[in-house]
Structures are given as C-alpha cells and as structure tokens.
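An overview of the molecular structure
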Amino acid sequence: MKILIVVDMQNDFLTGSLKTKDATEIIPKIKKVVEEYKKNGMPVIFTKDTHTDSYLLTQEGKALPVIHCIKNTYGWEICDELKNINYGEVFEKNTFGSIELFENLKKQYNSNIDEITFCGVCTDICVVSNAIIAKAYFPEVKIVILEDCTKGVTEESHLSALSTLKSCQCIIRKEC
Ligand SMILES: [Zn+2]
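Structural notes, computed from the coordinates. Keep in mind it's a predicted model, so treat the numbers as computed, not measured.

**With respect to the overall build of the chain**
Of regular secondary structure, the chain possesses seven helices and six strands. Rg of the C-alpha trace for the chain: 15 Å, near the compact-globule value of 16 Å for 176 residues, within the 12% margin. The principal-axis extent of the C-alpha atoms belonging to the chain is close to 40 × 35 × 30 Å. Buried positions account for 47% of the 176 residues belonging to the chain. Sequence separation of at least 24 residues holds for 76% of the intrachain contacts in the chain that already meet a minimum separation of 6. Accessible area for the chain stands at about 8900 Å²; split by element, carbon and sulfur atoms hold 52% of it. Where the 21 positive side-chain charges of the chain centre and where its 25 negative ones centre are 3 Å apart.

**What about the packing of aromatic side chains?**
Throughout the structure, instances matching the rule amount to two aromatic pairs. Centre to centre, the rings of F102 and F118 are 6.4 Å apart; their planes meet at 55°, and the pair counts as tilted. Residue F102 is located in helix α5 (residues 99-109), and its partner F118 is located in strand β4 (residues 115-121); the two are separated by 16 residues in the primary sequence. Across this residue pair, the class does not change: F102 and F118 are buried. Judged by centre distance (5.3 Å) and plane angle (65°), the ring pair of Y137 and F138 falls under edge-to-face.

**Some words on the environment of I145**
The residue I145 is located in strand β5 (residues 142-151) in this model. Taking the relative accessible area as the measure of exposure, I145 reaches 0% and is therefore buried. Residues I145 and M42, spaced 103 residues apart in sequence, show a C-alpha to C-alpha distance of 17 Å. Excluding its chain neighbours within four sequence positions, the residues that come into contact with I145 are F118, V127, A131, T150, L162, L165, C170, I171, I172 and R173.

**Describing α5**
Burial in α5 covers these residues: L101, F102, L105 and Y109. Each buried residue of α5 lies within a common arc of 90° when the element is viewed along its axis, so the set occupies one face. At its buried positions, α5 is contacted by β1 (2-7), β2 (44-49), β3 (89-93), β4 and α6 (123-137). At the N-terminal end of α5, a side-chain oxygen is found 3.3 Å from the backbone nitrogen of E100, two or three residues along, and the residue is S98. In the stretch just after α5, N110 is the one whose phi turns positive, near 50°.

**A short note on the sheet that holds strand β6 (residues 171-173)**
Read from one edge of the open sheet, six strands run β3-β2-β1-β4-β5-β6, paired in parallel fashion. Strands at the two margins of the open sheet, each flanked by one partner only, are β3 and β6. Put simply, the sheet's adjacent strands are angled 25° from each other on average, direction ignored. Inspection of the sheet shows β5 paired to β6 by three bridges, in the parallel sense. Directly across from I145, in β6, lies its bridge partner I172.

**Observations regarding the nonpolar core**
Counting residues in each nonpolar core, the largest one holds 28 residues, and the members touching the most others are L4, V6, M9, I30, V34 and L82. Elements supplying a minimum of two residues to this core: β1, α1 (11-14), α2 (27-39), β2, β4 and β5. The biggest single contributor to this core is α2, with five residues. In this structure, L82 is in contact with M9, I27, I30, K31 and F46, ignoring residues within four places of it in sequence. In terms of nonpolar packing, the next biggest core, distinct from the first, is built from 24 residues, F102, I116, V141 and L165 among them.

Criteria and thresholds
Residues numbered from 1 in each chain as written. Predicted model: local features only at pLDDT ≥ 70, side-chain atom pairs only at ≥ 80, totals over all residues. Heavy atoms only, no water. Helix = DSSP H or I, 4+ residues; strand = E, 2+ residues; numbered from the N terminus. Rg over C-alpha atoms; globule rule 2.2 N^0.38 Å. Buried < 20%, exposed > 50% of the residue type's maximum accessible area, 1.4 Å probe, protein only. Contact = heavy atoms within 4.5 Å. Areas by Shrake-Rupley, 256 points an atom, 1.4 Å probe, with all protein chains shown as cover. Lys, Arg positive; Asp, Glu negative; His and termini not counted. Charge placed at Lys NZ, Arg CZ, Asp CG, Glu CD. Phe/Tyr/Trp six-rings, centres within 6.5 Å; stacked < 30°, edge-to-face > 60°. Arc of directions from axis to C-beta. Polar contact = N/O pair within 3.5 Å; in protein donor to acceptor, adjacent residues only side chain to side chain. Pairing = 2+ DSSP bridges. Axes fitted to C-alpha atoms, helices over the stretch in contact; angles between N-to-C directions. Core = buried A, V, L, I, M, F, W, Y, C linked by side-chain atoms within 4.5 Å.

Here you go:
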C-alpha cells in the first residue's frame, strides 16, 4: 500500500503570514497527485501545523515570532483548492515533525505499507522533519519526496533539504 502525506498546505504558508515564495504553484500539481490516490483508493493524510494563542511563548515562537496557523483561523485552514477535494484524513501537529503521525499509521496499516510519499511545504522544515522520522520509524518502507510538489523557504534551502533526504536514502522523484 502507498500512502500520501500532504504537508501543511495551509493558507498561512501559501498566501498568509508565512507565505512561501511561489508555493501556490504546487497546488494544482498536488491536487493531481491526491486525485490519483483517491482514484486508486489509497490513503492520503493532510497534516496541519496547529498552534494556540500562546504560540509566541513556545520555542518555535521565540525563534520565529510570526503568528501563524492558530487553530480555527483562516490561516490554519487547508487551501480551498485542496480542501474541496474532500478526500483524505487530517492530522494536526503542534511542531515540525510528528512521531504520533507514524505511530498512527503503524496502528492503522501495520505491515501493509510499501511506500510513504511526501509533498507540501516547506521542504526544509516540515517535509524533511517528517520524512526523516518516517525513515526511522519504517526502515523497510520506501520514503519518497515529490520534488515538484514541494517548496522550500528559499530555492537554496529546498535543494539542500532534498540533498540531505537523498543522503538518507529517501527517493527523490518528480512525479508519483
Ligand atoms: Zn508552526
């Protein structure tokens, strides 16, 4: 079984307070990939960066004092184009990477997972964090990054994250 993880395609990261340069370009490409998974009945999980009003008191908030993805605000919502597909589960996480996400996958799908594919933003923060956790959690599962369906904080940091992921034996692919 193949699982798709769409990382943090939320308004704040696309058009809002922490918008990633050119990230809206990848929305139609991700939509196509999600539709493909939907057609084949394969699981899709949308992660949502999720903070509370006390964000600025967290370590992340102290290092990055830009309020974003406060639960139940517009910026926290998945962008309309992907939200409207109405396919896939949502997983809220309060930091970059989530161990719980992969614990849940293990519980739900046990040993039936052959491949976990990542897309979304930002390549160099939440995509890399979760892909590396997935690789540690499932050493015998292929971990794939769709490079054309991710964007980094900068092009340079995007490429350097992909290079790190490749060093860690993740598979970098253009399309699914
Ligand atoms: Zn955040």
